[in-house]
Amino acid sequence: MRETEIPPEHPRAESLQIRERLVRHYKSGVVADAGLFAHGRGEAFDYLLGEKTRENALKAMEAAVAALLTARRPVISVNGNAAALAARDIVKLAQVTGAKIEVNLFYRSAERELAIKALLEKVGAEQVLGVGKAASARIPEIGSERRRVDPEGVLVADVVLVPLEDGDRTEALAKMGKKVIAIDLNPLSRTAQFATVTIVDNIVRAMPALVKIAEEFKKEERSKLETLLANFSNKKNLGEAINLINQRLSKLAEKGCYISVSQKGER
Ligand code: PTJ
């Protein structure tokens, strides 16, 4: 079934359309093979979270926006999945917060770098760092191709937003003294644990929400944003996400039949 053939009344239409988008971008060379598996893992956690943005995710988003707006050199790092699922909002968020956009791939190839750059430019990006020779700097602590960064971007950034990341780079960036914002549906992942602010939500919902919050927070005093960020505890916030999953599962198990208590679209 192709994207256009998914009946809108299908109870899982939205989820199936997102899958189709990923497959389409896989075929166009944006998404890595492993990106499809990574998405499946994300879907499973989204299912457990009830497929909607939760209170703890909103709190994390506010802290994330505060970090981006008070940063001296914020950078949004983009990989294949992020570009496929949220290119337009990545560009908007960069525009509102003044962040730079850098392509950074685990499965790096010249073709994928260019495909992602082209996609970002198509939706309005004026500058895309980290492509080709521009990724000339190295972060020695990282073993993978993610070590290659742009000397004008991630290397000198003080705040880096890393949607759908692998744990190694998050840990290395944090060790370098950078604030790391992650978007990861898995609150147990190493990325989630090592980041300064982890948004446990689907990137498809989180990115537009971040843009909206950034537009609002742009009018706020710097000191208010600094206080908001200082008062945020990632450990506590992740605990809330894990608790939420725990409580949801306990409640569903108590009822004995999850179909009768399911929300729209849940199987
Ligand atoms: O484009 P590349 O070459 O940089 O490769 C990107 C992938 C995603 C393949 C690479 O970074 C990878 O292997 O990532 P992992 O280690 O599988 O981690 C991906 C994390 O993102 C997992 O914890 C998933 O639960 C989470 N995730 C998947 N889909 C979403 C998500 N989080 C938020 N929104 C999603 N839609």
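Computed from a predicted structure; not experimentally measured. (Residues numbered from 1 in each chain as written. Predicted model: local features only at pLDDT ≥ 70, side-chain atom pairs only at ≥ 80, totals over all residues. Heavy atoms only, no water.)

A. Structural detail: the site of the ligand. The full set close to the ligand counts 22 residues, and R41, F106, R112, D184 and N202 are the nearest of them. In this structure, E165 approaches the ligand through a main-chain N or O atom, which is 3.4 Å from an oxygen atom. A distance of 2.9 Å separates a nitrogen atom of the ligand from a polar side-chain atom of N202. Protein burial of the ligand: of its 740 Å² of free accessible surface, 94% is covered by the chains. (Near = heavy atom within 4 Å. Polar contact = N/O pair within 3.5 Å; in protein donor to acceptor, adjacent residues only side chain to side chain. Areas by Shrake-Rupley, 256 points an atom, 1.4 Å probe, with all protein chains shown as cover.)

B. Inspection of helix α3 (residues 55-70) at higher detail. Compared with an ideal rise of 1.5 Å per residue, which puts 16 residues at 22 Å, α3 spans 23 Å between its outermost C-alpha atoms and is within 8% of the ideal. Three or more residues of α3 are buried, namely N56, A57, A60, M61, A63, A64, V65, A66, A67, L68, L69 and T70. (Helix = DSSP H or I, 4+ residues; strand = E, 2+ residues; numbered from the N terminus. Expected span 1.5 Å × (residues − 1). Buried < 20%, exposed > 50% of the residue type's maximum accessible area, 1.4 Å probe, protein only.)

C. Region of interest: the packing of aromatic side chains. Scanning the entire structure with this criterion turns up one aromatic pair. Between F106 and Y107 the ring centres are 4.8 Å apart and the planes differ by 75°, which places this aromatic pair in the edge-to-face class. (Phe/Tyr/Trp six-rings, centres within 6.5 Å; stacked < 30°, edge-to-face > 60°.)

D. Layout of unusual backbone geometry. In this model, E51 sits at a positive phi of 55°, which is unusual for a non-glycine residue. Tracing the sequence through the fold places E51 in the loop between α2 (33-49) and α3. For E51, a relative accessible area of 24% puts it in the partly exposed group. Phi is positive for L164, which is not a glycine, with a value near 50°. Taking the relative accessible area as the measure of exposure, L164 reaches 25% and is therefore partly exposed.

E. Highlighting the nonpolar core. Core analysis: the largest hydrophobic core is formed by 57 residues, its most contacted members being L120 and I199. Looking at which element gives the most residues to this core, the answer is helix α4 (residues 80-97), with 11 residues. Not counting the four nearest positions on each side in its chain, L120 is found in contact with V78, A87, I90, V91, I101, V103, A125 and V128. If you look at the next biggest cluster of nonpolar residues, it comprises 14 residues, including A137, I142, V149 and A182. (Core = buried A, V, L, I, M, F, W, Y, C linked by side-chain atoms within 4.5 Å. Contact = heavy atoms within 4.5 Å.)

F. Focus on the packing of α3 against helix α8 (residues 203-217). In contact at an axis separation of 9 Å, α3 and α8 are set at 55° when each is read in the N-to-C sense. By the angle between their directions, the pair α3 and α8 is classed as oblique. The two elements α3 and α8 cross, and the hand of that crossing is right-handed. Taking contact as the criterion, the partners of L58, M61, E62, A64, V65, A66 and L69 in α3 are, on α8, A206, A209, L210, I213, A214 and F217. (Axes fitted to C-alpha atoms, helices over the stretch in contact; angles between N-to-C directions. Parallel < 35°, antiparallel > 145°, perpendicular 65-115°, else oblique. Left-handed = near helix turned anticlockwise from the far one by under 90°.)

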